[in-house]
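These are the residues of each chain, in order.
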Amino acid sequence: MITGEDKGFVNPNEDPMSKPIILVVEDEEDILELVRYNLEKEGYQVVSALSGEQARPLVAQKNPDLILLDLMLPGIGGLDLCRILKQSEKTRHIPVVMLTAKSEDADVVSGLEMGADDYITKPFSPRVLLARVRTVLRRRSGAEVVSEEATLSMDGLRIHPGRHEVSLDDEPIHLTLTEFKILHFLARHPGWVYTRDQIIDAVRGEDYAVTDRAIDVQIVGLRKKLGTRGSLIETVRGIGYRFKDRD
């Protein structure tokens with residue numbers, strides 16, 4: 001039996017305090033062991049819980065750097081636990097990555113809107129798991145914090161926020177104001193998945209009255225203007241959109 005007190009492997013030649021702590025909340029022990037093995041192999045400290053009830057005191061005790069949270073849990077469900085964590089001043093800063101089944105699109109949307117940082121669909125490969133974990137931890141450390149006024153460059157695409165200009169291979173691209181705001185917002189957060197409502201709130205404010213499908217129209221227009229680079233804006237089926245991760 002795996003318990004919350006099980007801390008995982010610690011190399012005696014390394015300072016365990018320097019390793020990020022990851023809390024894995026998963027009631028399927030086979031999946032939990034797979035996740036634990038790969039995280040520990042990568043050098044992370046792993047704390048585990050089989051239920052939301054076990055997880056809550058561990059969050060307070062361990063102050064993890066990241067929580068991998070299964071949505072389908074006995075007792076306190078994953079969405080309920082995410083809501084509790086994100087409503088508390090003491091825990092809302094902790095990144096949450098949801099572990100979901102393919103049939104849980106609606107729950108993923110709810111989790112993202114509550115403040116979850118990302119999600120991984122089961123079954124997942126260890127490579128995908130570790131890439132998502134590294135990306136979220138980098139963001140938390142501030143290594144990927146990008147100023148709203150910083151010029152963004154990737155794959156021949158340059159976005160100049162101060163001048164509201166976009167160029168592709170040094171050729172200017174003429175975007176509407178809304179198209180520019182959407183592109184800039186997504187490009188500042190590569191790899192992050194955003195629902196249509198979140199994109200609306202970010203580019204126009206929470207009081208902007210527009211249907212979420214209007215965002216789809218803007219994305220279609222953006223991709224057309226970006227030509228071969230239109231694939232940088234990825235559709236996440238049932239959820240929303242993200243800008244392609246640099247990794």
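Everything below is about the structure printed above this text.
Residue positions within a chain follow its written sequence, with the count starting from 1. Two thresholds apply to this predicted model, a pLDDT of at least 70 for residue-level local features and 80 or more for giving and counting side-chain atom pairs, whereas whole-chain, interface and lining totals are computed over all residues. As a convention, hydrogens and water are excluded, and side-chain values are obtained from all of the structure's heavy atoms.

**Re the sheet that holds strand E10 (residues 194–195)**
The test is simple: Here a strand pair is declared whenever DSSP counts at least two bridges between the two strands. Helix and strand assignments follow DSSP, with helices taken as H or I runs no shorter than four residues and strands as E runs no shorter than two, numbered in order from the N terminus. Note on definitions: a residue-residue contact is assigned when non-hydrogen atoms from the two residues lie within 4.5 Å. Axis lines are fitted to C-alpha atoms, over the contacting stretch for helices. Their N-to-C directions set the angle, which ranges from 0 to 180 degrees.
Taken together, three strands build an open sheet; the order of strands is E10-E12-E11 and the sheet is antiparallel. In this open sheet, the two edge strands, each paired with only one partner strand, are E10 and strand E11 (233–236). Lying over the sheet, helix H8 (residues 213–226) contacts E11 and strand E12 (240–243), oriented at roughly 145° with respect to E11.

**Digging into the packing of aromatic side chains**
For clarity, the threshold we go by: By convention, a stacked pair of Phe, Tyr or Trp rings (six-membered ring in the case of Trp) has centres within 6.5 Å and planes under 30 degrees apart, an edge-to-face pair has planes over 60 apart, and any other such pair is tilted. The classification of residues rests on relative accessible area computed with a 1.4 Å probe and restricted to protein chains. Under 20% of the type maximum is buried, over 50% is exposed, and intermediate values are partly exposed.
Summed over the entire model, instances satisfying the criterion amount to two aromatic pairs. The interplanar angle of 55° and the centroid separation of 4.6 Å between the aromatic rings of Phe185 and Tyr194 together place this pair among those described as tilted. We note that Phe185, like Tyr194, is buried. In this structure an aromatic cluster arises from ring pairing among Phe185, Trp192 and Tyr194.

**A closer look at the pattern of salt bridges**
Here is the rule: By convention in these notes, a salt bridge is any Lys or Arg side-chain nitrogen within 4 Å of a carboxyl oxygen on Asp or Glu.
Enumeration according to the criterion identifies 14 salt bridges in this entry. One salt bridge connects Arg36 with Glu40, and the closest N-O pair in it is separated by 3.4 Å. A residue pair is termed a helical-turn pair when its members lie 3 or 4 positions apart in one helix, as Arg36 and Glu40 do in helix H1 (residues 29–42) at four residues. Note on Glu40: relative accessible area 17%, which makes it buried.

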